[in-house]
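Residues per chain are reported as follows:
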Amino acid sequence: MTKVFREADVKNNTDKTKTLIIIHDNVYDVSKFLEEHPGGEEVLLEQSGRDATEAFEDVGHSTDARDLMKDYVIGTLHEDDRKSIPIKENTTINAPSSSQGSSLTGWLIPFGVALAAALVYRYFMSQNN
């Protein structure tokens, strides 16, 4: 059985010994994760006691980060306090594009620059002889 929290209960836990945050209507105790958080503990402490869903989604957390969250969930938010913020599907920063055009220009432009440099070099070498 999952423990149900009211938003007011979460707001009362905002220090390093008990840091609760809400993400997608789940309540997390991130007290033990403060020192391990890649963005620093200040980021989590700034969001403590609040719904951090928007801040979490704006950063673009990886699938690994989302999996790690499962270790810190302690309950859910009461239905009366829930907000509907969609989960972003593609959360990687600078996700590679699967379009053919970008992969073509990825090698075509450097090839063109190298070819132009070779032609300029050859021209100047022929002028010296």
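Residues numbered from 1 in each chain as written. Predicted model: local features only at pLDDT ≥ 70, side-chain atom pairs only at ≥ 80, totals over all residues. Heavy atoms only, no water.

1. Looking at unusual backbone geometry
Residue H24 is not a glycine yet carries a positive backbone phi of 50°. Tracing the chain through its elements places H24 in the loop between β3 (18–23) and β4 (26–29). Positive phi outside glycine occurs at D25, with the angle close to 65°. With respect to the secondary-structure elements, D25 resides in the loop between β3 and β4. (Helix = DSSP H or I, 4+ residues; strand = E, 2+ residues; numbered from the N terminus.)

2. Notes on the sheet that holds β3
Spatial strand order, β1-β5-β4-β3-β2: five strands in an open sheet with mixed pairing. Each end of this open sheet is capped by a strand with a single partner; those strands are β1 (4–5) and β2 (14–15). Direction of pairing for β1 relative to strand β5 (residues 73–77): parallel, over a ladder of two bridges. Note that in β5 the partner of F5 across the bridge is L77. (Pairing = 2+ DSSP bridges.)

3. Digging into the packing of aromatic side chains
Inspection of the entire model under this criterion finds two aromatic pairs. For the pair F33 and Y72, a centre-to-centre distance of 5.3 Å together with 45° between the ring planes defines the contact as tilted. Of the two residues, F33 is situated in the loop between β4 and α2 (41–47) and Y72 in the loop between α4 (63–69) and β5; the sequence distance between them amounts to 39 residues. The two residues F33 and Y72 agree in class, both being buried. Where Y123 meets F124, the ring centres are 5.5 Å apart and the plane angle is 70°; that geometry is what we call edge-to-face. Classification of Y123 as partly exposed rests on a relative accessible area of 49%. (Phe/Tyr/Trp six-rings, centres within 6.5 Å; stacked < 30°, edge-to-face > 60°. Buried < 20%, exposed > 50% of the residue type's maximum accessible area, 1.4 Å probe, protein only.)

4. Considering the layout of surface pockets
Size it by volume and the largest pocket reaches roughly 400 Å³. Looking at the largest pocket, it is lined by 20 residues, and the ones nearest its centre are F33, H37, L44, F56 and H61. Of all the elements in the fold, those that place two or more residues in the lining of the largest pocket are β3, α2, α3 (53–59) and α4. The biggest single contributor to the lining of the largest pocket is α2, with four residues. Along the lines of polarity and charge, the residues of the lining of the largest pocket split into 16 nonpolar, three polar and one charged. Roughly 150 Å³ of volume is contained in the second largest pocket. Together, ten residues line the second largest pocket, and H24, N26, Y28, R66 and M69 are the ones closest to its centre. Elements with a contribution of two residues or more to the lining of the second largest pocket: β4 and α4. For the lining of the second largest pocket, the class distribution of residues is six nonpolar, two polar and two charged. (1 Å grid on protein atoms, 1.4 Å probe; cavity = no way out; pocket = protein on both sides within 12 Å on 5 of 7 lines; lining within 4 Å. Points joined across faces, edges and corners; volume = space filled by probe spheres on them. Nonpolar A, V, L, I, M, F, W, Y, C, P; charged D, E, K, R; others polar.)

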